[in-house]
Amino acid sequence: MESFFSIKKEGQILIISFNDKETQKLTMSSASCYYEDPNYYKKYVYKYHLIDNDKFYSNYYDGHNLSLKKLIKYYEISIKKNDILYEELNLYNKIIKYQKKNYKYVITKCQDDKCTLEHEKKHSLFYFNKKYRNYVKIVWESLNNNIKNMIIEYLKTYHEKLYIDEFQAYITTEPFIFLKDSKNKKKQDTKLKKELQQISNLINNWIKTYNC
């Protein structure tokens, strides 16, 4: 089969770099929809309906993250339904061998996309490090309602089960992204920006302190 991607191994993580965004979408969007979409979580959507349909948020992801077990499980559901794309089958045949080699997690991006890589790596940290997960949960619970509601408003494209995981990945890499759709006045935005930066520093300092 033709290779549309490269695989790098890092600890128990497979980092998959796709040649281009379209190939990444065809290979990963459906799986992410199945595990992350707020309206279709754990509901199978056939490819002819999902791919290139603008109501499915995962078609616009710059990167993807999920456990290796979940990704393989999704592809096997697609195979049983005779609904697996060529690109998906290509990846499935490459990663199936890693299941018995102690690899646990998959993150994907397009080649040379360092910003997305940093974001996706934070998901792997959240997945593997229980102390970090617990710390982030404490921070999340301590947020004032104004900040938390603004963050949730941005995260509504994800299932609510993922809010805390997505919060930590964004706040540590792109803290001001939560202001993207803000309708606050400039003065209020400046205050919110300061608060978001403080939260970002708090969590990133924890990561540095514990050498994660």
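Report follows, based on the coordinates. (Residues numbered from 1 in each chain as written. Predicted model: local features only at pLDDT ≥ 70, side-chain atom pairs only at ≥ 80, totals over all residues. Heavy atoms only, no water.)

**Points about the packing of helix H6 (residues 130-142) against helix H8 (residues 163-171)**
The interhelical angle for the contact between H6 and H8, taken along N-to-C directions, is 90 degrees, at an axis separation of 10 Å. In terms of orientation, H6 and H8 fall into the roughly perpendicular class. Only Tyr163, Ile164, Phe167 and Gln168 of H8 make contact with H6, whose side of the interface consists of Tyr132, Val136, Lys137, Val139 and Trp140. Tallied by class, the residues present in the contact of H6 with H8 amount to seven nonpolar, one polar and one charged. (Axes fitted to C-alpha atoms, helices over the stretch in contact; angles between N-to-C directions. Helix = DSSP H or I, 4+ residues; strand = E, 2+ residues; numbered from the N terminus. Parallel < 35°, antiparallel > 145°, perpendicular 65-115°, else oblique. Contact = heavy atoms within 4.5 Å. Nonpolar A, V, L, I, M, F, W, Y, C, P; charged D, E, K, R; others polar.)

**Examining a positive patch on the surface**
A cluster of basic side chains, namely Lys42, Lys69, Lys70, Lys73, Lys104 and Lys161, defines a positive patch on the protein surface. Within the element layout of this structure, Lys104 appears in the loop between helix H4 (86-95) and strand E4 (105-110). For Lys104, a relative accessible area of 37% translates into the label partly exposed. (Patch = residues over 30% accessible without salt bridge, like charges linked within 9 Å, V, L, I, M, F, W, Y side chains within 5 Å. Areas by Shrake-Rupley, 256 points an atom, 1.4 Å probe, with all protein chains shown as cover. Salt bridge = Lys/Arg side-chain N within 4 Å of Asp/Glu carboxyl O. Lys, Arg positive; Asp, Glu negative; His and termini not counted. Charge placed at Lys NZ, Arg CZ, Asp CG, Glu CD. Buried < 20%, exposed > 50% of the residue type's maximum accessible area, 1.4 Å probe, protein only.)

**Points about H8**
In terms of burial, H8 is largely enclosed, as eight of its nine residues are buried. Considered for burial, the residues of H8 that qualify are Tyr163, Asp165, Glu166, Phe167, Gln168, Ala169, Tyr170 and Ile171.

**Describing the packing of aromatic side chains**
Enumeration according to the criterion identifies 23 aromatic pairs in this entry. Measuring from centroid to centroid gives 5.5 Å for Tyr34 and Tyr74, while their planes differ by 45 degrees, and the two rings are tilted. Highlighted residues: Tyr34 in helix H1 (residues 21-36) and Tyr74 in helix H3 (residues 68-80), separated in sequence by 40 residues. This pair shows no difference in class: Tyr34 is buried, exactly as Tyr74 is. Ring centres of Phe126 and Tyr132 lie 6.4 Å apart, and the angle between their planes is 85 degrees; this geometry places the pair in the edge-to-face category. Classification of Tyr132 as buried rests on a relative accessible area of 0%. Lys193 extends its terminal NZ or CZ atom over the ring of Phe176, reaching a point 5.0 Å from the ring centre. (Phe/Tyr/Trp six-rings, centres within 6.5 Å; stacked < 30°, edge-to-face > 60°. Lys NZ or Arg CZ within 6 Å of the ring centre and 35° of its normal.)

**Looking at the nonpolar core**
One finds Ile151, Leu155, Phe167, Phe178 and Ile203 to be the most contacted residues of the largest nonpolar core, which totals 29 residues. Contributing elements (two or more residues each) for this core: helix H5 (114-128), H6, helix H7 (145-154), H8 and helix H9 (186-209). Element by element, the count of residues in this core is highest for H9, at six residues. Excluding residues within four positions of it along the chain, Leu155 makes contact with Tyr163, Glu166, Phe167, Tyr170 and Phe178. Among the nonpolar cores identified, the runner-up in size contains 23 residues, and Phe18, Met28, Leu91 and Tyr103 belong to it. (Core = buried A, V, L, I, M, F, W, Y, C linked by side-chain atoms within 4.5 Å.)

**Re unusual backbone geometry**
At Lys42, a position not held by glycine, the phi torsion is positive, near 60 degrees. Examined against the element boundaries, Lys42 turns out to sit in the loop between H1 and helix H2 (47-50). In this structure, Asp112 takes a positive phi of about 65 degrees despite not being glycine. Residue position: Asp112 is located in the loop between E4 and H5. Looking at Asp112, the relative accessible area reads 72%, which means it is exposed.

**Here's the deal with H5**
Between its first and last C-alpha atoms H5 spans 21 Å; for 15 residues at 1.5 Å apiece the expected length is 21 Å, and the two agree. The set of residues buried in H5 consists of Thr116, Leu117, His119, Glu120, Lys122, His123, Ser124, Leu125 and Phe126. (Expected span 1.5 Å × (residues − 1).)

**Structural notes on the pattern of salt bridges**
Across all of its chains, the model carries eight salt bridges by this definition. Residue Asp52 pairs with Lys25 through a salt bridge whose shortest N-O separation is 2.4 Å. Here Lys25 lies in helix H1 and Asp52 lies in the loop between H2 and strand E3 (64-67), a separation of 27 residues in the sequence. Residue classification places Lys25 among the buried residues on the basis of a relative accessible area of 10%.

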